[in-house]
Amino acid sequence: ENGAALTGDALGRTGMPGDRAMNFPNIAGNRVRVAAAATGGLDAITASNQVTVSVWMYGDASQPQPDSLFYGDDTTSGGGTRQINAHTPWSDSTFYWDTAGCCGSSTRISVAVPDSTKWRGQWNHYVFIKNGSTKQIWQNGALLTEGTNTAAFGLIRSFFIGSAPQ
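Residues numbered from 1 in each chain as written. Predicted model: local features only at pLDDT ≥ 70, side-chain atom pairs only at ≥ 80, totals over all residues. Heavy atoms only, no water.

Trainee: Break down the packing of aromatic side chains for me, with residues and values.
Mentor: Per the stated rule, a full pass over the model turns up seven aromatic pairs. With a centroid separation of 5.4 Å and an interplanar angle of 80°, the aromatic rings of Phe-70 and Phe-128 are classed as edge-to-face. A residue pair is termed long-range when its members are at least 10 positions apart, and Phe-70 in strand S5 (residues 70–73) and Phe-128 in strand S9 (residues 123–131) qualify at 58 residues. You'll find Phe-70 and Phe-128 in the same group, each marked buried. Three or more aromatic residues joined by ring pairs make a cluster, and in this case those are Phe-70, Phe-95, Trp-97, Tyr-126, Phe-128 and Phe-159. The side chain of Lys-130 reaches across the aromatic face of Phe-153, ending 5.8 Å from its centre. Lying over the aromatic face of Trp-97, Lys-135 brings its terminal NZ or CZ to 5.5 Å of the ring centre. (Phe/Tyr/Trp six-rings, centres within 6.5 Å; stacked < 30°, edge-to-face > 60°. Helix = DSSP H or I, 4+ residues; strand = E, 2+ residues; numbered from the N terminus. Buried < 20%, exposed > 50% of the residue type's maximum accessible area, 1.4 Å probe, protein only. Lys NZ or Arg CZ within 6 Å of the ring centre and 35° of its normal.)

Trainee: Explain the sheet that holds strand S7 (residues 94–99) to me, and be specific about the residues and the numbers.
Mentor: The six strands are arranged S3-S12-S5-S6-S7-S8 in an open sheet whose pairing can be described as antiparallel. Two strands bound the open sheet, and with one partner strand each, they are strand S3 (31–33) and strand S8 (108–112). For this sheet, the mean inter-axis angle between neighbouring strands, taken without regard to orientation, is 15°. In this sheet, strand S12 (residues 158–162) lies alongside S3 in antiparallel orientation, the contact comprising three bridges. By the bridge assignment for S12, Arg-33 is matched with Phe-160. (Pairing = 2+ DSSP bridges. Axes fitted to C-alpha atoms, helices over the stretch in contact; angles between N-to-C directions.)

Trainee: How would you summarise the side chain of Gln-83 if you had to cite specific residues and measurements?
Mentor: Its place among the elements puts Gln-83 in strand S6 (residues 82–87). Filtering out sequence-adjacent residues up to four positions away, Gln-83 remains in contact with Gly-72, Asp-73, Asp-74, Asp-98, Thr-99, Ala-100, Gly-101, Phe-153, Gly-154, Leu-155 and Ile-156. (Contact = heavy atoms within 4.5 Å.)

Trainee: Please provide a residue-by-residue account of the state of the cysteines, values included.
Mentor: Applying the stated criterion to the full structure yields one disulfide. In this model, Cys-102 is linked to Cys-103 through a disulfide, with the two sulfur atoms separated by 1.4 Å. The class for Cys-103 is partly exposed, based on a relative accessible area of 42%. (Disulfide = S-S within 2.5 Å.)

Trainee: Describe the sheet that holds strand S11 (residues 142–148), with residues and values.
Mentor: With antiparallel pairing, the four strands of this open sheet are ordered in space as S4-S9-S10-S11. Only two strands of the sheet have a single partner each, and these edge strands are strand S4 (50–58) and S11. Taking the axes of each pair of neighbouring strands and ignoring which way they run, one obtains an average angle of 10° across the sheet. Pairing geometry for S4 and S9, over nine bridges, is antiparallel. Residue pairing in the sheet places Val-55 in a bridge with Tyr-126 of S9.

Here you go:
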């Protein structure tokens, strides 16, 4: 939706033929909706209160942005109560990991990474974990932050990669 598209051949993380990446130009408003058939496992997230999201991301010159890396909520169209969301990094150079709502101590962990050389101009591997009340953000195999969030997931009915619906 809204301008997100695959890169050309060999423009993904490895740079090898056949490797492509999803490009979200200027990220704001650009996203890919994950089809409902592909999200059948989201009910398991709600039931178990556990999820791991792993992504490779290239931090280009437009970072940081006031937008999401991925987003899911309790409606089929987006725009409901936030259930799963990450900002990498938000416009304040802080990485945020929200689950089961926004933006309080029972739903969010975050870490400021003001040194843009840690995320700009390179590929980074990020992992976002929620296991019961424990949440973590990892970058390239190193734990960036860990915290306790007590809120449990609600229903997740839509999931987007890239910008959250407006």
